[in-house]
Amino acid sequence: MSFAPVGYRSTRAPDGESVSFDDAVLSGLAPDGGLYLPDRMPQAPSGWEEEDDPAALAAVALAPFVGRERGAVEPVFRKALDFRLPLVDLGDDLYVLELFHGPTAAFKDVGARSMAGLMEQVMEKRGESATVLVATSGDTGGAVADAFAGLGTVRVAVLYPRGQVSAVQEAQLTAVREGVTAFAVDGTFDDCQRMVKEVLAARELAGQHLSTANSINIARLLPQVVYYMHAWARLRGSGETRVPTFVVPSGNLGNLTAGMMSTDIGGMRSDFVAAHNDNDYFARFLAGEAEPYAFDPSVRTLSNAMDVGGPSNFERLWALRGEDLRRAVKGHAVSDVATKESITRAWTERGYLACPHTAVGLEAAERERAAGRPGPIVVLATAHPAKFPDTVIEAVGVEPPPHPGLERFERAEKRAVPLAADAAALERALTSF
Ligand SMILES: *Cc1c(COP(=O)(O)O)cnc(C)c1O
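A brief report on the enclosed structure follows. Treat the numbers as computed from the prediction; the structure is a model and nothing was measured.

### Comments concerning the packing of aromatic side chains
- On inspection of all chains with the given rule, the structure shows 17 aromatic pairs.
- Judged by centre distance (5.1 Å) and plane angle (80°), the rings of Y228 and F246 are edge-to-face. Of this pair, Y228 sits in helix α9 (residues 225–237) while F246 sits in strand β10 (residues 245–249); the two residues are 18 residues apart in sequence, bridging distant segments of the chain.
- Judged by relative accessible area, which is 0%, Y228 ranks as buried.
- Look at Y228 and F272: their rings are 6.0 Å apart centre to centre, the planes differ by 65°, and that puts the pair in the edge-to-face class. Here the residue Y228 occupies a position in helix α9, and F272 occupies one in strand β11 (residues 271–276), the gap between them amounting to 44 residues. Here Y228 matches F272 in class, with each residue buried.

### Overview of the site of the ligand
- Lining the immediate surroundings of the ligand are 15 residues, of which K108, D139, G251, N252 and T382 lie closest.
- One of the side-chain N or O atoms of D139 is found 2.6 Å from an oxygen atom in the ligand.
- Separating an oxygen atom of the ligand from a backbone N or O atom of G254 is a distance of 3.2 Å.
- A breakdown of the residues in the shell around the ligand according to their chemical character gives six nonpolar, seven polar and two charged.

### Thoughts on the sheet that holds strand β12 (residues 329–333)
- Pairing in this open sheet of six strands is mixed, and the strands run β3-β4-β13-β10-β11-β12 from one edge to the other. Pairing within the sheet leaves two strands with one partner each, and these edge strands are β3 (87–91) and β12. Each neighbouring strand pair of the sheet contributes to a mean axis angle of 25°, computed without reference to strand direction.
- Note: β10 against β11, five bridges, orientation parallel. Bridge pairing in β11 links V247 to V273.
- Its contacts with the sheet place helix α15 (residues 356–370) against β3, β4 (94–98), β10, β11, β12 and β13 (377–381), and it is angled at close to 165° to β13.

### Things to note about the side chain of T263
- Relative to the helices and strands, T263 resides in helix α10 (residues 254–266).
- Residue T263 is classed as buried on the basis of its relative accessible area of 13%.
- A distance of 2.6 Å separates the side chain of T263 from the backbone oxygen of M260, its partner in a polar contact.

### Notes on the packing of helix α4 (residues 108–126) against helix α5 (residues 139–148)
- Close contact between α4 and α5 brings their axes to 8 Å; oriented N to C, the two are set at 35°. Of the two possible hands of crossing, α4 and α5 adopt the one that is right-handed. Touching K108, D109, A112, R113, M115, A116 and M119 of α4 are D139, T140, A143, V144, D146, A147 and F148, all from α5.
- Of the residues contributing to the contact of α4 with α5, the split by class is eight nonpolar, one polar and five charged.

### Here we look at the packing of helix α2 (residues 54–66) against α9
- Where α2 meets α9, the axes come as close as 10 Å, and the angle between the chain directions of the two elements is 115°. The orientation of α2 relative to α9 falls into the category roughly perpendicular. The element α2 and its partner α9 pack so that their crossing is right-handed. Each of P54, L57, A58, A61 and L62 in α2 lies in contact with α9, whose residues at this interface are V225, V226, M229 and H230.
- By residue class, the composition of the contact of α2 with α9 is eight nonpolar, one polar and no charged.

### A word on the pattern of salt bridges
- In the structure shown here, the tally under the stated rule is 30 salt bridges.
- The salt bridge involving D23 is made with R126; its shortest N-O contact spans 2.8 Å. You can see D23 sitting in helix α1 (residues 21–27) and its partner R126 sitting in helix α4, a full 103 residues away along the chain.
- Under the relative-accessibility criterion, D23 is labelled partly exposed at 32%.
- Residue R350 is joined to E366 by a salt bridge in which the shortest nitrogen-to-oxygen separation is 3.6 Å. Here R350, found in helix α14 (residues 336–350), pairs with E366, found in helix α15; they are 16 residues apart in sequence, far enough to count as distant.
- The exposure class of R350 is partly exposed, given its relative accessible area of 25%.
- Put simply, R269, D271, K330, E368 and R373 are held in one network by salt bridges that share partners.

### Comments concerning the sheet that holds strand β9 (residues 208–212)
- A sheet is described by the order of its strands in space; here six strands give the open sequence β8-β9-β5-β6-β7-β14, paired in mixed fashion. Strands with a single pairing partner mark the edges of an open sheet, and in this sheet they are β8 (204–205) and β14 (417–420).
- Judged from the six bridges that link them, strand β5 (residues 130–135) and strand β6 (residues 154–161) form a sheet pairing that is parallel. Bridge pairing in β6 places L133 opposite A157.
- Lying on the sheet, helix α7 (residues 189–200) is in contact with β5, β6, β7 (180–186), β9 and β14; it crosses β5 at an angle near 155°.

Thresholds applied
Residues numbered from 1 in each chain as written. Predicted model: local features only at pLDDT ≥ 70, side-chain atom pairs only at ≥ 80, totals over all residues. Heavy atoms only, no water. Phe/Tyr/Trp six-rings, centres within 6.5 Å; stacked < 30°, edge-to-face > 60°. Helix = DSSP H or I, 4+ residues; strand = E, 2+ residues; numbered from the N terminus. Buried < 20%, exposed > 50% of the residue type's maximum accessible area, 1.4 Å probe, protein only. Near = heavy atom within 4 Å. Polar contact = N/O pair within 3.5 Å; in protein donor to acceptor, adjacent residues only side chain to side chain. Nonpolar A, V, L, I, M, F, W, Y, C, P; charged D, E, K, R; others polar. Pairing = 2+ DSSP bridges. Axes fitted to C-alpha atoms, helices over the stretch in contact; angles between N-to-C directions. Contact = heavy atoms within 4.5 Å. Left-handed = near helix turned anticlockwise from the far one by under 90°. Parallel < 35°, antiparallel > 145°, perpendicular 65-115°, else oblique. Salt bridge = Lys/Arg side-chain N within 4 Å of Asp/Glu carboxyl O.

Printed below as a string of structure tokens:
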């Protein structure tokens, strides 16, 4: 091998033993309950910014992290990243990076599809099978179910809070797929996330590996560095030399963590803004108003994929940057009222139709600009507006254009298994499904 593969260590044991990428992917969570982080951050080979194909860029930048040669991982990324990632210029140095052109119309397709391909390689190499658990506040479940369906070596259990996801999201989650079971949990997203963590702590169930495809899993998170590098390179390529600011609509903070890792891997400078809805723990932490890990219960908002009280990747960010986070990242909390106004304003002033999550980001961008932030601001557009038609129609009176992926699910047969908000109930269900 032309490089030493990166190892992975638990956030709770920074001086502990490293495990391989394959082991980190298979277990999801470290045995001590921490999250895996790379034990070093090899920079992408110089000239990476000339690479204008995201799949090739992913292979170049991430091969050392996956511990395989570039040629072995490139086909995985080519299959996973088979959709456009347009950088839309809205004028006044404001850009939108559209990450929602994949099959389930949200940015989670990037991480989920890449992870499915990487995990399939691991299982084939080992000749074993695994069960992947995933808790979803809306978008993750659909992306993961779609990415992993029919893999053969991996079966998937999706947990979602019953009655708390949009109709479009529910259709995606519960569409019948080979190897995928959807559980409608009588509780909140935080309950779903806790149940997954508790069952994962057992590590094995009926002789099968247990893992997770939440952004707890490093294989979901790593591929997301690629679109930051790709966007940065495109700005450079257009003659832009100022430091860009990425505004990240945030919930579990996986996307933001990937963004911050991209600056190490790309050896480039970018600034970051975390845009939250009323689930604003991290914004308050950044402002010095909340202690590390002093999380809150989640509340429901219009941008429901960001309704997270205790962001799981806070642990990674804190391990990576510590107190420096408060200097490196600016946080904003955007209410539902302001979110709707933001959808309206983006439409009337810029002719751009945004989903509620993207609108939270656009509002944070406007606030940063008003406060004098210079340079290009890139808002990550995390979902297609057609995924949230009710809110969009209410805000602008216009029906969002259809997304080709979504219509497919409307026609599909649906099935969900009801489940109490209890890890023991999940364990019982998993042994019998
Ligand atoms: C998951 C999701 C987010 C939040 O991303 P995190 O990585 O959890 O911070 C934002 N917007 C949409 C549409 C999502 O699906």
